[in-house]
Amino acid sequence: TFTFLRGLARNNDREWFGKHKVDYETHVRAPFQRLLADLQPDLAAISPQYRADPRPVGGSLFRIHRDTRFANDKTPYKTHAGARLFHQRYRETDSPSFYIHIQPGHCFVGAGIWHPEAPTRTRIRHFLVDNPEAWRKAVHSPAFRRRFELGGEMLTRPPRGYPADHPLIEDLKRQSFVGRSALGDSTVLGPQLRRSIAS
């Protein structure tokens with residue numbers, strides 16, 4: 001898996017990928033599909049509404065092809081493999097999801113809601129203001145911080161309607177509400193990957 005992804009990072013063009021497509025399917029896509037299938041019972045134990053879908057098209061696994069239409073970077077392929085474990089109604093409404101990112105030296109798992117629509121983001125901000133202690137307990141506790149860090153883009157100024165001196169202003173400035181936890185390369189390549197993700 002890592003050999004292919006490192007090679008793709010050095011040779012991100014269609015000719016190289018065409019010559020190594022079988023390597024991608026054998027060493028990246030197929031193992032990731034098996035991992036997704038293996039995670040199904042772990043995910044069902046959290047919530048029966050979430051899916052780890054191993055299908056190669058329309059499932060949890062993101063395409064390796066990049067959408068370059070509006071990007072400055074015109075390289076055709078992602079140099080990582082990623083999958084979203086999604087809520088069954090994710091196409092109908094903003095919903096949290098789980099994410100697995102495989103890239104040599106930069107592997108991680110994440111959970112939360114990424115770039116929600118404005119009405120959803122507003123509801124989350126209202127929840128934070130109305131339930132500050134619940135939010136602090138959830139994401140600012142030592143137990144959470146030992147395993148996860150909050151990530152995602154932030155506004156440079158407070159969102160409209162919130163004072164700059166609000167005790168949770170840094171969280172209110174978030175555009176996404178996600179936690180991520182790094183996975184070491186040895187964990188990703190070893191026999192404990194499923195257990196590490198599930199725990």
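Everything numeric here is computed off the predicted structure, so don't read it as measured data.

Here's the deal with the pairing of strand S6 (residues 177–183)
As a general feature of sheets, a regular strand has side chains that alternate between the two faces.
Thought 1: By the criterion of burial, S6 is predominantly enclosed, with five of the seven residues buried.
Thought 2: By the bridge criterion, seven bridges tie strand S4 (residues 107–113) to S6 in an arrangement that is antiparallel. Residue Ile-113 lies in a different strand from S6, and its bridge partner there is Phe-177.

Comments concerning the sheet that holds S6
Strand pairs in the sheet, formed through backbone hydrogen bonds, run parallel or antiparallel to each other.
Thought 1: In spatial order, the strands read S1-S2-S3-S4-S6-S5; together these six strands make up an open sheet with antiparallel pairing. Edge strands, defined here as strands with exactly one partner in the open sheet, are strand S1 (50–51) and strand S5 (149–151).
Thought 2: By the bridge criterion, five bridges tie strand S2 (residues 81–87) to strand S3 (residues 97–102) in an arrangement that is antiparallel. Note on S3: the bridge partner recorded for Ala-83 is Ile-100.
Thought 3: Those strands touched by helix H3 (residues 21–46) are S1, S2 and S3, and its axis lies near 25° from that of S2.

Some points on the packing of aromatic side chains
Thought 1: Enumeration according to the criterion identifies eleven aromatic pairs in this entry.
Thought 2: Here the aromatic rings of Phe-4 and Phe-17 are separated by 6.1 Å at their centres, their planes lie at 75°, and the arrangement is edge-to-face. Residue Phe-4 is found in helix H1 (residues 2–10), and its partner Phe-17 is found in helix H2 (residues 14–19); the two are separated by 13 residues along the sequence. By the burial criterion, Phe-4 is buried, and Phe-17 matches it.
Thought 3: Seen in terms of ring centroids, Tyr-99 and Phe-108 are 5.7 Å apart; in terms of plane orientation they differ by 50°. Their pairing is tilted.
Thought 4: Relative accessible area serves as the criterion here: at 12%, Phe-108 is assigned to the buried category.
Thought 5: Three or more aromatic residues joined by ring pairs make a cluster, and in this case those are Phe-4, Trp-16, Phe-17, Tyr-24 and Tyr-77.
Thought 6: Here the basic side chain of Arg-180 rests over the ring of Phe-108, its NZ or CZ set 3.8 Å away from the ring centre.

Digging into the environment of Ala-81
Thought 1: You can see Ala-81 is positioned in strand S2.
Thought 2: Note: C-alpha distance between Ala-81 and Arg-10 (71 residues apart in sequence) is 16 Å.
Thought 3: With near-sequence residues (within four places) excluded, Ala-81 lies in contact with Leu-5, Val-28, Phe-32, Ile-100, His-101 and Ile-102.

Description of the side chain of Ser-176
Thought 1: Mapped onto the secondary structure, Ser-176 falls in the loop between helix H7 (169–172) and S6.
Thought 2: Among the polar contacts made by the side chain of Ser-176, one reaches the main-chain amide nitrogen of His-115 at a distance of 2.8 Å.
Thought 3: Contact partners of Ser-176, with chain neighbours within four places excluded, come to Ile-113, Trp-114, His-115, Pro-116, Gly-151 and Glu-153.

Looking at the pattern of salt bridges
Thought 1: This model, assessed by the stated rule, comprises eleven salt bridges.
Thought 2: Its salt-bridge partner being Glu-15, residue Lys-19 comes within 3.5 Å of it at the nearest N-O pair. Of this pair, Lys-19 and Glu-15 are both found in helix H2, four residues apart, which corresponds to roughly one turn of the helix. Here the two residues Lys-19 and Glu-15 agree in accessibility, since each one is exposed.
Thought 3: A salt bridge links Asp-73 to Arg-66, with the nearest nitrogen and oxygen atoms 3.8 Å apart.
Thought 4: The class for Asp-73 is partly exposed, based on a relative accessible area of 40%.

Thoughts on unusual backbone geometry
Thought 1: A positive phi angle, near 50°, is found at His-115, a position not held by glycine.
Thought 2: Inspection of the secondary structure assignment puts His-115 in the loop between S4 and helix H4 (118–130).

Details of the environment of Val-129
Thought 1: Looking at the secondary structure, you find Val-129 in helix H4.
Thought 2: Residues Val-129 and Leu-172, spaced 43 residues apart in sequence, show a C-alpha to C-alpha distance of 8.6 Å.
Thought 3: Those residues in contact with Val-129 that sit more than four places away from it in its chain are Tyr-162, His-166 and Leu-172.

Cut-off values and rules
Residues numbered from 1 in each chain as written. Predicted model: local features only at pLDDT ≥ 70, side-chain atom pairs only at ≥ 80, totals over all residues. Heavy atoms only, no water. Buried < 20%, exposed > 50% of the residue type's maximum accessible area, 1.4 Å probe, protein only. Helix = DSSP H or I, 4+ residues; strand = E, 2+ residues; numbered from the N terminus. Pairing = 2+ DSSP bridges. Contact = heavy atoms within 4.5 Å. Axes fitted to C-alpha atoms, helices over the stretch in contact; angles between N-to-C directions. Phe/Tyr/Trp six-rings, centres within 6.5 Å; stacked < 30°, edge-to-face > 60°. Lys NZ or Arg CZ within 6 Å of the ring centre and 35° of its normal. Polar contact = N/O pair within 3.5 Å; in protein donor to acceptor, adjacent residues only side chain to side chain. Salt bridge = Lys/Arg side-chain N within 4 Å of Asp/Glu carboxyl O.

Everything listed here is a matter of geometry and, on its own, says nothing about what the molecule does.
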